[in-house]
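A structural walkthrough
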Amino acid sequence: MWSGGTSSVWASEALIGVVLWSTLVIVGVVAYLAASAFAMRFRNVIRARRYSSYEATWEPLLLEVMAGSLPISDLLNTVTPRSSRHFLRFLVRYARLLVGNDNLTITDIAAPVLPGILGDLQARSASRRALAVQTLATLGIDEHGARIARALDDPSPLVSMVAARSLAGSHHPEYIVRVLSNLHRYSEWNSRFLASMLASLGVEVAPALRSFLLTEGNPIDRAVAAEALGLLTDPVAGDIAVKVLTGSPNRELAAALLRLLRTVGGPEHVSIVRTYASGRDHTLRALALSALGTIGDASDIEVLELGMFDADPWVAINAARALLEAGGRERLHEIAQSELPQSTLAQEMIAGGVT
Amino acid sequence: MHSEANPANQRPRILLAEDDALTARLIVHRLEREGYEVFHCQDGQSALESAQAPDSEPFSLAILDVKMPRMDGFELLGRLKEDPRLAPIPVVMLTGMGTEQDVVRALSGGADDYILKPFSPTELALRVQRLLAR
């Protein structure tokens, strides 16, 4: 009996010990986390105050430099190695707001400080590399363009994309080929966004985009190039589009090319579009009918009218809209007033209710 | 709101409606260096109230950002132009790049000039000078 009682007391003491130790460990962990959070918060507050103090010093000097009443060196003398990264971030905010000589003044101020972040292009952190690319592009694209172009091949798609966007926004068309060769890495981005990015390089890149369309490269990337040519309203792209469409490209590429022909095509390109207008793929059929509405002739009115009776409602809507664009308003009126099942669509199209 | 003292009471007064603090500081600094008194409001509503205040000195010119809280630049422009006392004030609109529709809307709404963002404070100062010399 006694031994049973001893072991019971011992078990209770052991349990209390475990509970006490567990409580101590939990309290310790909580205290550590709280202290860490407090330390981080404290550090951030100190850092923010330091940055505010830097900026309060820099801004009046910068404004005087921009007004031409103070030499750049007076401002640069206030920048220390410790504050140089923040100084560049400070300048980036101004550079984004300014154009012309005012922007050039900002880049002149940044020029001697920028080499300090070149090492960041090899940093382990992708976000740090991306920030370095963005800063170099905003404050020193002319001097560091080649470095930014090399960042297109960065292992991180994010860094590569930042480089591509920076180059596109800098109106340096000479980098288009390198941007195009990296397009496959930007599959997470919307194709319209990518096309817009390419088009922002300006009409000078149209020949490179056309050449890229003719390659055997990734059809999705080539579709982006086709969209970009459409945004540039490149008058020569129609012939290229026909050439590629004749080779039975994949669906996405064909769709982009039909959209391109709708924008830049002419009567000489209509033949291939007609082929797609009677094809089996409903998306391509809809796009082809839509293109016929702008580049077709009177002989296409009948095809467009037939398209309104397509089993696919999307094709029917596109055909009706194209019929209106092609000058078939009278025929649309006839259908609208008829007992045909498409009379409602015709009425809505005439009234402008279908967009 | 930012107001600069005007002891001589002779400097042309410019109303600036701009919600971006950095842009506003760039403009205020440049125009004050050119000899203007700049009255800065951070939204359209307070800019309108400042312009309409019966006891305030009249403004010689207004610079209005398009995108602002409470009342955007277009509405502010309209309200200025429908007030006979304020309608003669020349207006320069600040619009975003690539927004031709905004430019058309601003000019057809009675704006005298526009500046696209990103912008050049130097160019803005020249345009202000030109408008005030009319």
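Residues numbered from 1 in each chain as written. Chains lettered and ligands numbered in written order. Predicted model: local features only at pLDDT ≥ 70, side-chain atom pairs only at ≥ 80, totals over all residues. Heavy atoms only, no water.

Another point: the sheet that holds strand S4 (residues 91–96) of chain B. All names here are of chain B. As summarised here, the arrangement of the five strands in space is S2-S1-S3-S4-S5, forming an open sheet in which the pairing is parallel. The two strands at the open ends of the sheet, each matched to only one other strand, are strand S2 (37–41) and strand S5 (113–117). Here the strands of the sheet are splayed against their neighbours by 20° on average, with no regard to which way each runs. In this sheet, S5 lies alongside S4 in parallel orientation, the contact comprising five bridges. Pairing of Thr95 across the sheet is with Leu116, part of S5. (Pairing = 2+ DSSP bridges. Helix = DSSP H or I, 4+ residues; strand = E, 2+ residues; numbered from the N terminus. Axes fitted to C-alpha atoms, helices over the stretch in contact; angles between N-to-C directions.)

Residue and element names in this part refer to chain B. Listing the buried residues of helix H3 (residues 73–82) in full gives Gly73, Phe74, Leu76, Leu77 and Leu80. The arc that holds every buried residue of H3, seen down its axis, measures 160°, which confines them to one face. Elements in contact with the buried residues of H3: strand S1 (13–17), helix H2 (44–52), strand S3 (61–65), S4 and helix H4 (100–108). (Buried < 20%, exposed > 50% of the residue type's maximum accessible area, 1.4 Å probe, protein only. Arc of directions from axis to C-beta. Contact = heavy atoms within 4.5 Å.)

So, on to the side chain of A:Asp221. Residue and element names in this part refer to chain A. With respect to the element layout, Asp221 can be found in helix H10 (residues 219–231). No salt bridge is formed by the buried Asp221, whose closest oppositely charged neighbour, Arg222, lies at an N-O distance of 8.9 Å. Not counting residues within four places of it along the chain, the set of residues in contact with Asp221 comprises Leu183, His184 and Phe212. (Lys, Arg positive; Asp, Glu negative; His and termini not counted. Salt bridge = Lys/Arg side-chain N within 4 Å of Asp/Glu carboxyl O.)

On to the interface of chain B and chain A, then. When the parts come together, some accessible area is lost, and that loss is often what is quoted as the size of the interface. Taken together, the contact pairs 13 residues of chain B with 13 residues of chain A. Summed over both partners, the interface of chain B with chain A buries about 1200 Å², with 60% contributed by carbon and sulfur atoms. Where chain B touches chain A, the interface holds three salt bridges. In this structure, A:Glu59 engages B:Arg25 in a salt bridge whose closest nitrogen and oxygen atoms are separated by 2.4 Å. Going through the elements one at a time, helix H1 (21–33) and helix H5 (121–133) of chain B are the ones with two or more residues in the side of chain B that touches chain A. The element that contributes the greatest number of residues to the side of chain B that touches chain A is H1(B), accounting for seven residues. Partitioning the side of chain B that touches chain A into residue classes produces five nonpolar, four polar and four charged. (Buried area = accessible area lost by both parts, 1.4 Å probe. Nonpolar A, V, L, I, M, F, W, Y, C, P; charged D, E, K, R; others polar.)

Attention shifts here to the nonpolar core. With 130 residues, the main nonpolar core has A:Leu209 and B:Ile63 as its most contacted residues. Excluding residues within four positions of it along the chain, B:Ile63 makes contact with B:Ile14, B:Leu15, B:Leu16, B:Ala17, B:Ile27, B:Leu31, B:Val92, B:Leu94, B:Leu124 and B:Val128. (Core = buried A, V, L, I, M, F, W, Y, C linked by side-chain atoms within 4.5 Å.)

With that out of the way, let us pick up the confidence of the model for chain B. Residue and element names in this part refer to chain B. In this model, chain B carries an average pLDDT of 86, and 91% of its residues clear a pLDDT of 70 or more. Note on residues 1–8: pLDDT under 50 across the span, and 20 contacts to partners over four residues away in sequence or across chains. Among the scores for the predicted complex, ipTM is 0.83 and pTM is 0.73. (pLDDT = per-residue confidence, 0-100.)

We now examine the pattern of salt bridges. Residue and element names in this part refer to chain A. This structure, assessed with the given rule, holds 26 salt bridges over all chains. The partner of Arg274 in a salt bridge is Asp300, and the shortest N-O contact between them spans 2.7 Å. Taken together, the residues Arg274 in helix H13 (residues 270–277) and Asp300 in the loop between helix H14 (282–295) and helix H15 (301–307) connect sequence positions 26 residues apart. On the accessibility criterion, Arg274 (30% relative accessible area) is partly exposed.

Okay, the environment of A:Gln122 next. Residues and elements named next belong to chain A. Within the element layout of this structure, Gln122 appears in the loop between helix H4 (100–110) and helix H5 (126–150). Residue Gln122 is classed as exposed on the basis of its relative accessible area of 64%. For the pair Gln122 and Ala132, spaced 10 residues apart in sequence, the C-alpha separation works out to 9.6 Å.

Here we come to the environment of A:Leu183. Residue and element names in this part refer to chain A. Relative to the helices and strands, Leu183 resides in the loop between helix H7 (176–181) and helix H8 (191–199). In the structure, Leu183 is positioned 42 residues away from Ala225 in sequence and 9.5 Å away in space, judged by C-alpha atoms. If we ignore the near neighbours within four places in the chain, the residues touching Leu183 are Leu194, Leu198, Phe212, Asp221 and Val224.

With that out of the way, let us pick up the packing of H2(B) against H3(B). Residue and element names in this part refer to chain B. Where H2 meets H3, the closest approach of the two axes is 9 Å, and the angle between their N-to-C directions is 15°. Here H3 runs roughly parallel to H2, going by the angle between their axes. In the packing of H2 onto H3, the handedness of the crossing is right-handed. Taken together, the residues of H3 that come into contact with H2 (itself represented by Gly44, Ala47, Leu48 and Ala51) are Leu76, Arg79 and Leu80. Across the contact of H2 with H3, the residue classes tally to five nonpolar, one polar and one charged. (Parallel < 35°, antiparallel > 145°, perpendicular 65-115°, else oblique. Left-handed = near helix turned anticlockwise from the far one by under 90°.)

Among the secondary structure elements, A:Glu59 is positioned in helix H1 (residues 2–66). Separated by 2.2 Å, the side chains of A:Glu59 and A:Tyr94 make a polar contact. Those residues in contact with A:Glu59 that sit more than four places away from it in its chain are A:Phe90, A:Tyr94, B:Leu22 and B:Arg25. (Polar contact = N/O pair within 3.5 Å; in protein donor to acceptor, adjacent residues only side chain to side chain.)

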